[in-house]
Amino acid sequence: MTKIYNKAVLAGGCFWGMEDLLRAQKGIITTEVGYTGGKNDNPTYENHPGHAEAVEITYDDSILDYRHLLDFFFQIHNPTTLNQQGNDKGTSYRSAIFFASEAEKKIAEEMIEVVNDSGRWSYPVVTTLESATRFWPAEDYHQDYLEKNPGGYTCHAIYFDSYLD
């Protein structure tokens, strides 16, 4: 019998650093970087108006549930900077959760409340909750970028321990 895995799409700035940190988490099966939430079909790095740089995550819910996935997401980027992570600025670099169901949206709302209540950030969370739309894989040279280019640019790190523990 084939195991069925869940998918999630998250955006938190440049997709290279997000992918690199996410792929190492127990329960994550695969990651793919790409574009979602924008205005055009077949977006490219040079032409993706309104799209966020995002990571599509395939994960095993029996090992890592959606709430804990979002907990890690909020540990590895600054969710309080509007359309910016590090030096990267613009809507492509927004913090966003692309929910696929009302249940996921509710969990995301609850996690935002947990993060805000934690007092770890000086400003409130500006992460948007957006209904999932088509995910467009990025060009091959963006996939696994930091594995191919050790020491390459990233503005991501694990800033905090779990919000849930």
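Everything numeric here is computed off the predicted structure, so don't read it as measured data.

Q: If you had to explain the overall build of the chain to someone new, which residues and values would you point to?
A: What the chain contains, in helices and strands, is four helices and eight strands. In the chain, the succession of helices and strands from N to C terminus is β-α-β-β-α-β-β-β-α-β-β-α. Taken over C-alpha atoms, the radius of gyration comes to 15 Å for the chain, in line with the 15 Å a tight globule of 165 residues would show. Once the C-alpha set of the chain is aligned to its principal axes, its extents read approximately 45 × 40 × 35 Å. In the chain, which comprises 165 residues, the share counted as buried stands at 47%.

Q: Could you give an account of the pattern of salt bridges, with specific residues and numbers?
A: Opposite charge on two side chains permits them to pair, given that their charged atoms come into close proximity. Across all of its chains, the model carries nine salt bridges by this definition. The partner of arginine 23 in a salt bridge is aspartate 20, with the nearest N and O atoms 3.7 Å apart. On the criterion of helical spacing, the pair formed by arginine 23 and aspartate 20 is a turn pair, its members being three residues apart in helix α1 (residues 15-23). By relative accessible area, aspartate 20 is classed as partly exposed at 28%. Among the charged side chains, a network of salt bridges with common partners joins Glu19, Asp20, Arg23, Asp144 and Glu147.

Q: Pulling in residues and values, what's your account of the nonpolar core?
A: Ranked by size, the top nonpolar core spans 33 residues in total, and within it Leu10, Leu22, Ile57, Leu69, Phe74 and Ile97 carry the most contacts. No other element matches helix α2 (residues 66-75), which puts six residues into this core. If we ignore the near neighbours within four places in the chain, the residues touching leucine 10 are Met18, Ala54, Val55, Ile57, Leu69, Leu70, Phe73, Ala96 and Ile97. In this structure, Ala52, Ala96, Phe98 and Phe135 belong to the second largest nonpolar core, which totals seven residues.

Q: An account of the pairing of strand β6 (residues 95-99) is requested, with residue identities and associated values reported.
A: Where a strand is regular, its side chains alternate between the two sheet faces. For β6, the buried fraction is high: five of the five residues fall into the buried class. What you see with β6 is no split at all: Ser95, Ile97 and Phe99 on one side and Ala96 and Phe98 on the other are buried throughout. Sheet topology note: the β6/strand β7 (residues 128-131) ladder contains four bridges and is parallel. Each residue of the ladder has a partner; that of alanine 96, found in β7, is threonine 128. Taking the sense of rotation as the criterion, the β-α-β connection linking β6, helix α3 (residues 102-118) and β7 turns out right-handed.

Q: Report on the sheet that holds strand β1 (residues 6-12), specifying residues and quantitative values.
A: Strands sit in the order β7-β6-β1-β3-β2-β8 across an open sheet of six strands; the sheet is mixed. The outermost strands of the open sheet, each flanked by one partner alone, are β7 and β8 (136-137). The sheet contacts of α1 involve β1, β2 (28-36) and β3 (52-59), and relative to β2 the element is tilted by about 165 degrees.

The rules we used
Residues numbered from 1 in each chain as written. Predicted model: local features only at pLDDT ≥ 70, side-chain atom pairs only at ≥ 80, totals over all residues. Heavy atoms only, no water. Helix = DSSP H or I, 4+ residues; strand = E, 2+ residues; numbered from the N terminus. Rg over C-alpha atoms; globule rule 2.2 N^0.38 Å. Buried < 20%, exposed > 50% of the residue type's maximum accessible area, 1.4 Å probe, protein only. Salt bridge = Lys/Arg side-chain N within 4 Å of Asp/Glu carboxyl O. Core = buried A, V, L, I, M, F, W, Y, C linked by side-chain atoms within 4.5 Å. Contact = heavy atoms within 4.5 Å. Pairing = 2+ DSSP bridges. Right-handed = clockwise from strand over helix to strand, strands pointing away. Axes fitted to C-alpha atoms, helices over the stretch in contact; angles between N-to-C directions.

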